[in-house]
Structures are given as structure tokens and as C-alpha cells.
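Report on the structure
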Amino acid sequence: MYISLADRPRPGADSHSGADAHPGPPGLRSGRTVAFRVAPTVVALGMVSLLTDVSSESVAAILPLYVTGALGLSMVAYGFLEGLHQGVSAVVRIAAGYAADRTDRPKAIAVAGYGLSMLTRAGLLVVQGFVGIAVLVGIDRVGKGIRTAPRDAMIQEVSQSEHLARSFGVHRMLDTIGATVGPLLAFVVLLLVPDGYRVVFAVSLAAALIGVAALILFVPNVRFSRTTTTSTTTPAAPVPAAAETSPVVRPRTLRSRTLRSRAPRSGSPRRPRWHTLDGPLKRLLVAAGVLGLLTVGDGFIYLAIMSHGHLDPLWFPLLFVGTNGVFLLLAIPVGRIADRTSRAAVLIGGHLFLAGAYVAAAMGGSWIALGLALLMLGIFYAATDGVLAALAGQLSPQGRTATGIGAAQTVVAITRLVASTGFGALWVLFGAVPTMVGAAVVLVLVLPLAWWLVVRR
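Bear in mind that the values here come from a model prediction, so they are computed numbers and not experimental data.

Criteria and thresholds
- Residues numbered from 1 in each chain as written.
- Predicted model: local features only at pLDDT ≥ 70, side-chain atom pairs only at ≥ 80, totals over all residues.
- Heavy atoms only, no water.
- Helix = DSSP H or I, 4+ residues; strand = E, 2+ residues; numbered from the N terminus.
- Buried < 20%, exposed > 50% of the residue type's maximum accessible area, 1.4 Å probe, protein only.
- Contact = heavy atoms within 4.5 Å.
- Areas by Shrake-Rupley, 256 points an atom, 1.4 Å probe, with all protein chains shown as cover.
- Salt bridge = Lys/Arg side-chain N within 4 Å of Asp/Glu carboxyl O.
- Axes fitted to C-alpha atoms, helices over the stretch in contact; angles between N-to-C directions.
- Parallel < 35°, antiparallel > 145°, perpendicular 65-115°, else oblique.
- Left-handed = near helix turned anticlockwise from the far one by under 90°.
- Nonpolar A, V, L, I, M, F, W, Y, C, P; charged D, E, K, R; others polar.
- Patch = residues over 30% accessible without salt bridge, like charges linked within 9 Å, V, L, I, M, F, W, Y side chains within 5 Å.

**Thoughts on the overall build of the chain**
Counting secondary structure elements, the chain contains 16 helices and two strands. Out of the 457 residues in the chain, the part that is buried amounts to 56%. When contacts within the chain are restricted to residue pairs at least 6 apart in sequence, those whose partners lie at least 24 apart make up 86%. Accessible surface computed for the chain: about 18700 Å², of which carbon and sulfur atoms make up 68%.

What follows is the structure, given as C-alpha cells:
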């Protein structure tokens, strides 16, 4: 007998009565604690993300300086690029998630996304000027949009339901190691080769190539659809416990007839079921969108710190390292807290730290303010990045995990695109400090609405 991963209970499949109303881990309901085990697929995907983030974050760490310094463009132009960086992936996120659910081949779609981003690294070596860079940033973010939902859906599928946010925390920890190494590499390159932006781009391309190769070679083909098998041979042996966390490979020597059957679908089978977004998931999307409108890219926060004139531009890439270092340390512990308490509450509460980072960046005339800004920004990412994916997957109907995760990521990407573009214009009109403080105040004011939508209901 061939048994698909989807034949075991999907994480959160019975938890649609509320935004965070999961009935609790099976082990806890039976009076015992289920030990946490990391699926090998989670680790493999984490290593792919590590290498990819070495590539992308080494570029992101120098992009603000490259655009505003080397190219001499305005903050409005940088705001547009930051908006592309944050939001262009929204064009394909939900479509990629639906395609992963529909085709039952999330790895193939993820490979396409990672490969597309890899090609843009080569483009940076030959393209010059604002238009060319804007096009490459847009294509890179489209690649990110293609890969993210299928990748997170694979993590959801192979992880223990009682430790879901913690499993995402493991992946995000590995991802953040790469996001920390990337800016460090950029800093070292610029330290050794002044204005060596193209050297950074070459290093970025090498890391991206290795990451795509690792994905193809070491990540198994996780399948979502239910599989029923009839066989004329001997009955199948019981499935070992290891199958709970590892993809099952069908033996080639077994002569059997495999019949694939997906979960029942209403309406036309060739079109997305948009009522996937109904109920608790819809409220989560609304809350994520409201908060996304007040979430700007890290580059703005770091440029606000630099605007006080107390830090040499050479050290700019290290600001990314500081934030990622905090994220690295807290991704797993915060994920564990979210699993044991309320994923929704941790997600909404994490935005308080983002507001604090805005205020600290506005104050940024001292090392204490600088440290607080990096610390609170790292806590914000630890409390929201993996937790949002875990919660969206939990609230998605059976067989629609990638679609639900993709929908949440689409909403966040679109709203952050609007936020970054508008923030650049407000920066020019009012200056860095008033804009940062204003964003913090409005963010705090809308948190009760988000709490009511996701936690209270």
C-alpha cells in the first residue's frame, strides 16, 4: 500500500471554529506531552533558505546605499524600489499556492521561484540605472512570491500539528542565519573593496546557484493529495511512526494500482474555490492587511537611524545583521510560546515591538536607541513571520493549505508595497522623525481592531 502524507491528519484540519481555536495537541489531550521532532524536510528547506538569504540579503543590505548614494536617487525613488521589494510578489503568491494545491507538486513550483530569483543575481552584474534595477527587483520578488507558499505548505505538511509554529521557527532560524551572513559578507566586501558593489553581486549569484542545487538534490517531493491503493499482492505492513514526519517513498518493486483522489470540491474543478478565504481565515487576512499598511521595509528604519549622522555609512550592512541576530535567537522560543498559548495573540502582540522600533529609530541619536531599534525589530519578525504562516495554514480548509498561506502572504505583500511607497513620499514632505513617530502612533491605535478580528473572535 502506498500512503500519502495527506492520509495523516493535516495540521489544523479540525480547527476552523475560530481564528486561534485549535483544540490542542493530541498528546496533551491524552495527558502526555508529545516530544518535538524536526522533520528532515524542514531542515532541508531551511538550508535552501539559508543559502538563498545569503544571496538576497547581501544585495538588500547595500541596496539603500547603492540607490541613494552611488546612483544619487531620491528617497521617493528608493521608496518605490522598497515597495517593489515588499509587494511585487503579491502578483503571484496566491496563484502559486493554488497551483501547488492543484498540481500536488509544490517542490517543482518552489524550484521555479528560486530559479527565477537566481537569474536576477546574474542580471545585477550587467544592468545599470534605475529602470534596470527596478525591473530586476520586481522579477526577484516575483520569484519569491512563487516559491514561498509552496515551501511553507511543505513545512506544514510534514510537521507535527502540536509543534507547528515551532517547526516554522526552526526553518526561520536557518533562514535567518543566511540573512545574517549575507549582510556580513557585504560589509566585508565593501571594507576590502570600496564601492565594490559588483563584487557583492557576484557573491550573491554564487550563493543563489548553490541554493537552487540544494533544493533540487536534497528536498523530497512532498505530496498533498490523498492516495488510495488496491493491490493483488500481500496486505501492506503497518506504517512506521517515522512516516509521520518524513515523506513516504513508494517502492518501485511493488506491483499495485494507485488511484489518486483529492478532497471533494464544489463548483468547477478547474477554478479556485474562493470560499477558502471565508470564516476565520478571512478575518486573519483583514487584520494582516490593516497591519501591513503600517509596516515599512527595514531599509527605511535603518536610513532613519543613519539620518541622525552618528553612524558612518560603512557600517550600514551591520544594522541588518543586528536585527537578524535577534530574530535568529528568538525564532524557535517565540514559536514555542505561540504553540503553547495563542498563535493569534503572539502575531498581533508582535506588532507592538514594531511600533517600538519606529520610535527608537526616530530617537536614534544614541547607541541605546540604536540597540533598542534592532532588538525590537528582531522580536517583531520572530513573533510574526513564521507564526503568520502557521496560523494561515491552520485555518485553511483541507487540501487548500498552500492557497491559504499564499493568500495571507499576498495581502501582506500588497499592503507593504503601499506602505513603503507612501512612506517614501511622507519622508520627503515631513522628514524622517515625524514620519516614524506618526507611523508608530497609528499602528498602536489599530492594534485593538486587529486583536478583535483575530483573537477575540
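Alright, that's what it looks like, and here's the rest.
**Digging into the pattern of salt bridges**
Applying the stated criterion to the full structure yields six salt bridges. Among the salt bridges present, the one from R121 reaches D140, with a minimum N-O distance of 3.3 Å. A residue pair is termed long-range when its members are at least 10 positions apart, and R121 in helix α6 (residues 106-124) and D140 in helix α7 (residues 130-158) qualify at 19 residues. Of the residues examined, D140 reaches a relative accessible area of 6% and is grouped as buried. Here the salt bridges do not stand alone but share partners, grouping R151, D152, R172 and D385 into one network.

**A few points about the packing of helix α12 (residues 316-340) against helix α14 (residues 367-394)**
At a minimum axis distance of 7 Å, the contact between α12 and α14 shows a crossing angle of 45°. If you check the angle between α12 and α14, you find them oblique. You can see that α12 and α14 cross each other, and the crossing is right-handed. Residues L319, G322, T323, V326, F327, L330, A331, V334 and A338 of α12 touch α14, and the partners they reach there are L370, L374, L375, L377, G378, I379, Y381, A382, A383, D385 and V387. Partitioned by chemical class, the residues of the contact of α12 with α14 number 16 nonpolar, three polar and one charged.

**Quick look at a nonpolar patch on the surface**
Residues V181, L185, V188, L191, L192, V193, V199 and V203 make up a contiguous nonpolar surface patch of about 600 Å² in total accessible area. The element contributing the most residues to the nonpolar patch is helix α8 (residues 164-192), with five residues. Inspection of the secondary structure puts V203 in helix α9 (residues 197-218). Overall, V203 belongs to the partly exposed group, its relative accessible area being 31%.

**Quick look at helix α11 (residues 298-306)**
Counting buried residues along α11, nine of its nine residues qualify, which places the element largely inside the surrounding structure. Three or more residues of α11 are buried, namely D298, G299, F300, I301, Y302, L303, A304, I305 and M306.

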